[in-house]
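Residues per chain are reported as follows:
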Amino acid sequence: QVQLVESGGGLVQAGDSLRLSCEASGRTFSSYGMGWFRQAPGKGREFVSGISRSGDYKRYADSVKGRFTISRDNAKNMVYLQMNSLKAEDTAVYYCAADIGGAYWRTDQKYDYWGQGTQVTVSS
């Protein structure tokens, strides 16, 4: 069983920055592919970013490319999402997810474990 706990959300103004954190339990965190997803009110969950086990490979949704950066610290069992130049349309609940097989899919159905989410609200 893997537990994921997100933190770092909040209310900010457009143009501001936030860093989300996700702490994972388990001794094999370095073998997990990790992803960040978000869900806005009335919308489905959408892919934001994913990172490989080593952190060498990353992918981003087009809507956040150039503004968001994903990273991980395997020694601390942590994955991060640095969000810069935030826009009102970034408002959503943000979730981290783990794929114990090591992949970092764009598809939420491929992930095995999910956190409870953290709210990000960007006022315009």
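If you're wondering where the values come from, they're calculated on a predicted model, not measured in any experiment. (Residues numbered from 1 in each chain as written. Predicted model: local features only at pLDDT ≥ 70, side-chain atom pairs only at ≥ 80, totals over all residues. Heavy atoms only, no water.)

## A short note on the overall build of the chain
When its secondary structure is counted, the chain shows zero helices and 11 strands. Listing each helix as α and each strand as β along the chain from the N terminus yields β-β-β-β-β-β-β-β-β-β-β. Computed over the C-alpha atoms, the radius of gyration of the chain is 13 Å, within 12% of the 14 Å expected from 2.2 N^0.38 for a compact globule of 124 residues. Considered along the principal axes of its C-alpha atoms, the chain spans approximately 40 × 25 × 25 Å. Taking all 124 residues of the chain together, the buried fraction comes to 45%. Pairs at least 24 apart in sequence give 59% of the contacts found in the chain among residues at least 6 apart. Accessible area of the chain: about 6,300 Å², with a carbon and sulfur share of 44%. Between the mean site of the 15 positive side-chain charges and the mean site of the 12 negative ones, the chain shows a separation of 3 Å. (Helix = DSSP H or I, 4+ residues; strand = E, 2+ residues; numbered from the N terminus. Rg over C-alpha atoms; globule rule 2.2 N^0.38 Å. Buried < 20%, exposed > 50% of the residue type's maximum accessible area, 1.4 Å probe, protein only. Contact = heavy atoms within 4.5 Å. Areas by Shrake-Rupley, 256 points an atom, 1.4 Å probe, with all protein chains shown as cover. Lys, Arg positive; Asp, Glu negative; His and termini not counted. Charge placed at Lys NZ, Arg CZ, Asp CG, Glu CD.)

## Things to note about the side chain of Ser 49
Checked against the element boundaries, Ser 49 lands in strand S5 (residues 45-51). A polar contact of 3.0 Å, which involves the side chain of Ser 49, links it to the backbone oxygen of Arg 59. Setting aside chain neighbours within four positions, we find Ser 49 in contact with Met 34, Gly 35, Trp 36, Arg 59, Tyr 60, Ile 70 and Leu 81. (Polar contact = N/O pair within 3.5 Å; in protein donor to acceptor, adjacent residues only side chain to side chain.)

## A short note on the sheet that holds strand S7 (residues 68-73)
If you walk across this open sheet you meet the four strands as S1-S3-S8-S7, and the pairing is antiparallel. Taken across any chain shown, the strands that pair with only one partner, and hence form the sheet edges, are strand S1 (4-7) and S7. Taken pair by pair, the neighbouring strands of this sheet meet at an average axis angle of 15°, ignoring direction. Bridge count between S1 and strand S3 (residues 18-24): four bridges; the pairing is antiparallel. Following the sheet pairing, Leu 4 is matched in S3 by Ala 24. (Pairing = 2+ DSSP bridges. Axes fitted to C-alpha atoms, helices over the stretch in contact; angles between N-to-C directions.)

## Some words on unusual backbone geometry
Positioned with a positive phi, Asn 77 is a non-glycine residue whose angle comes to about 55°. Residue position: Asn 77 is located in the loop between S7 and strand S8 (78-83).

Geometry only, nothing functional implied.
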